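Residue-level structural notes
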Amino acid sequence: MFSRILIANRGEIAVRIIRACHDLDIEAVVVCSQADKDAAYVQWADEAVCIGPPSPMESYLNIPRIISAAEITDAEAIHPGYGFLAENAHFAEICRECGITFIGPTPEAMRLLGDKVEARTLAKKAMVPVVPGSEGPIENDQQALKLANEIGYPVMLKAAAGGGGRGMRVAHSDITLRSAFAAARAEAEAAFKNGTLYLEKYIERPRHVEVQVLADNAGNAVHLFERDCTIQRRHQKLIEECPCPVLDDQTRENLCKAALRLIQEAGYQNAATCEFLLDRDNSFYFIEVNTRIQVEHTITEMITGQDLVQWQIRLAAGEALPLRQKDIHMQGVAIECRINAEDPARDYTPSPGRLTRFMPPGGLGVRVDTHLTPGETISPYYDSLIAKLIVHKPSRDEAIRTMKRALREFRIEPIATTIPAHLEILSHNQFVTADVDTGFIGRNMS
Ligand code: ADP
């Protein structure tokens, strides 16, 4: 096992990884930018290295500075968290060349699954259903038009290197598809320096359901059931829950087994999430694999009792998975609300600023993952996630009730947050009856 791990990330996920390290008796080193160097959470690490100015390009995305920080602090492994370099195969490769363990999959697996076109091909090989669509990349708008007319509108153009909902466009006709093609390509080019696009049938009113998987270096793999991440704004998750409230046992088993087949076909090691769209007739279609720890991993931890970040570390250290599928069970219902520094009344625009008040809720079954304390400043340079509020209760009704209570307790001043939006969603009859799809916020929230 490692004795020191460097955390190449910031904020709540840095705190989450520091905790996993300390629970395993491992020392944690964090890198931080000048914007974060006085942040309270940095003091929880055993050592901190300031690696540069606030701009991510000069700090959290700067590979030479991160590798240097690992070398001067004698860290044997790097945990990338999520975002920043977490799905950068080149970074994982450099870690390997420098003799530092990257806590995640191999660069080869990351590259294979990070290309969504290749991941689709792999899924088909593993007999996992994919959304009807292109066999490979779509080269030009003529090819897109031809395929769209074959599979029928509406269709969605997506970026092969996509993430964060960027480079995605829905088209309902030949005319909109032509302009969508140019727009999606330009956006993908700007966001990922890779304009490769592919095309999928646009599934109307689906749910987003994903499966958590763990795999070791010896070919053992288990799933830890599903998460339902249907409540999204602009294709970005806002509320997640497990189990998926509408899944029957047989569909659950088929879905989880499909995820395992895919991960094993890829020869994958470490933690991964296979994402699917669930249609209203319970058919499911693979959309992508995330090769990192996800923001919403917490709800899986609550219902299974498994510490996923510890597992990532143990698997990266070469431990064999002692878990067997029959030993993993779900207990109760867990819901996570992402508390973002965003103003839901102004189309979720970021609302950075200094916190005069920050009073998280508590009580039985309430977990708050955050890096903030009163007096700290939320920087405009980074992600707007300021806390994850997680509730775990025996039933969905109780989980919703306690979540509302906890949201009302949470005091964050003076900035705008997503708390009012969460309260509105959790009180909505369609959420309560689990009759939602990924367009729920767009249609129902003013
Ligand atoms: P990203 O990697 O950019 O997050 P994903 O492929 O994971 O993109 O998709 C994000 C979200 O976009 C999904 O959860 C879903 O809401 C929507 N989406 C993606 N593909 C489709 C599709 N073919 N039909 C309908 N909605 C889709």
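Look up: the structure comes first, before these words.
The text that follows walks through the structure, step by step, so that each part is easy to find. (Residues numbered from 1 in each chain as written. Predicted model: local features only at pLDDT ≥ 70, side-chain atom pairs only at ≥ 80, totals over all residues. Heavy atoms only, no water.)

Looking at the sheet that holds strand 7 (residues 169-171)
- Pairing within the open sheet is antiparallel, and its three strands lie in the order 7-6-8. Of all strands in the sheet, those with a lone pairing partner are strand 7 and strand 8 (197-201), marking the two edges. With direction set aside, neighbouring strand axes in the sheet form an average angle of 25°.
- By the bridge criterion, three bridges tie strand 6 (residues 155-159) to strand 7 in an arrangement that is antiparallel. Directly across from L157, in strand 7, lies its bridge partner R169.
- Docked against the sheet, helix 6 (residues 141-151) engages strand 6 and strand 8, running at close to 15° with respect to strand 8. (Pairing = 2+ DSSP bridges. Helix = DSSP H or I, 4+ residues; strand = E, 2+ residues; numbered from the N terminus. Axes fitted to C-alpha atoms, helices over the stretch in contact; angles between N-to-C directions. Contact = heavy atoms within 4.5 Å.)

Digging into the site of the ligand
- With respect to spatial proximity, 21 residues lie near the ligand, and among them G165, E200, H208, Q232 and E288 are the closest.
- Between the ligand and G164 there is a distance of 3.3 Å, counted from an oxygen atom to a backbone nitrogen or oxygen.
- K201 has a polar backbone atom sitting 3.0 Å from a nitrogen atom of the ligand.
- Notes on the ligand: free accessible area 560 Å², of which the protein chains cover 96%.
- The two domains that each donate at least three residues to the shell around the ligand are domain 2 (132-201) and domain 3 (207-444). (Near = heavy atom within 4 Å. Polar contact = N/O pair within 3.5 Å; in protein donor to acceptor, adjacent residues only side chain to side chain. Areas by Shrake-Rupley, 256 points an atom, 1.4 Å probe, with all protein chains shown as cover. Domains from an automatic or database assignment.)

Re the pattern of salt bridges
- Inspection of every chain in the model, using the stated rule, returns 37 salt bridges.
- Two residues, E301 and R16, come together in a salt bridge whose shortest N-O distance is 2.6 Å. One end of the pair, E301, is in helix 9 (residues 297-304); the other, R16, is in helix 1 (residues 11-23), with 285 residues separating them in the sequence. R16 shares its class with E301; the two are buried. (Salt bridge = Lys/Arg side-chain N within 4 Å of Asp/Glu carboxyl O. Buried < 20%, exposed > 50% of the residue type's maximum accessible area, 1.4 Å probe, protein only.)

Re the side chain of T418
- The topology assignment puts T418 in the loop between strand 22 (411-413) and helix 12 (419-427).
- You can call T418 buried: its relative accessible area is 0%.
- Residues in contact with T418, not counting those within four places in the same chain, are L238, R338, I339, N340, E342, P344 and Y348.

Some points on the pairing of strand 8
- Counting buried positions along strand 8 yields four of five residues, so the element is predominantly enclosed.
- With five bridges connecting them, strand 6 and strand 8 associate as antiparallel partners. Within the sheet, the bridge partner assigned to V155 lies in strand 8 and is K201.

With respect to the nonpolar core
- Ranked by internal contacts, the top residues of the largest apolar core, which has 61 residues, are I5, L6, I66, I78, F91, L214 and I313.
- Of all the elements, helix 1 adds the most residues to this core, at seven residues.
- Inspection of this core shows a minimum of three residues originating in each of domain 1 (4-103) and domain 3 (207-444).
- Not counting residues within four places of it along the chain, the set of residues in contact with I313 comprises M1, F2, I5, A20, C21, L24, I26, H79 and I103.
- Core analysis: the second largest hydrophobic core is formed by 36 residues, Y348, V368, I378 and F440 among them. (Core = buried A, V, L, I, M, F, W, Y, C linked by side-chain atoms within 4.5 Å.)

Some points on the packing of aromatic side chains
- This structure, assessed with the given rule, holds eight aromatic pairs.
- The interplanar angle of 65° and the centroid separation of 5.5 Å between the aromatic rings of F358 and F410 together place this pair among those described as edge-to-face. Of the two residues, F358 is situated in strand 18 (residues 357-359) and F410 in the loop between helix 11 (396-409) and strand 22; the sequence distance between them amounts to 52 residues. F410 matches F358 in its accessibility class, with the two residues each being buried.
- The rings of Y60, F84, Y381 and Y382 are connected pair by pair, giving a single aromatic cluster. (Phe/Tyr/Trp six-rings, centres within 6.5 Å; stacked < 30°, edge-to-face > 60°.)

So, the pairing of strand 21 (residues 385-393)
- For strand 21, the tally of buried residues reaches eight of nine residues, placing the bulk of the element in the interior.
- Examined bridge by bridge, strand 14 (residues 333-340) and strand 21 share eight bridges and lie antiparallel to one another. Among the inter-strand pairings, R338 is bridged to a residue of strand 21, identified as K388.
- Pairing geometry for strand 19 (residues 366-370) and strand 21, over five bridges, is antiparallel. Paired with T370 across the bridge in strand 21 is A387.

Section: unusual backbone geometry
- Looking along the chain, the bond that leaves C242 and enters P243 is cis, with omega of -5°.
- Among the secondary structure elements, P243 is positioned in the loop between strand 11 (236-242) and helix 8 (249-265).
- Here the amide bond leading from E413 into P414 is cis, since omega sits at 5°, within 30 degrees of zero.
- Inspection of the secondary structure assignment puts P414 in the loop between strand 22 and helix 12.
- Phi at R205 is positive, roughly 55°, even though this residue is not glycine.

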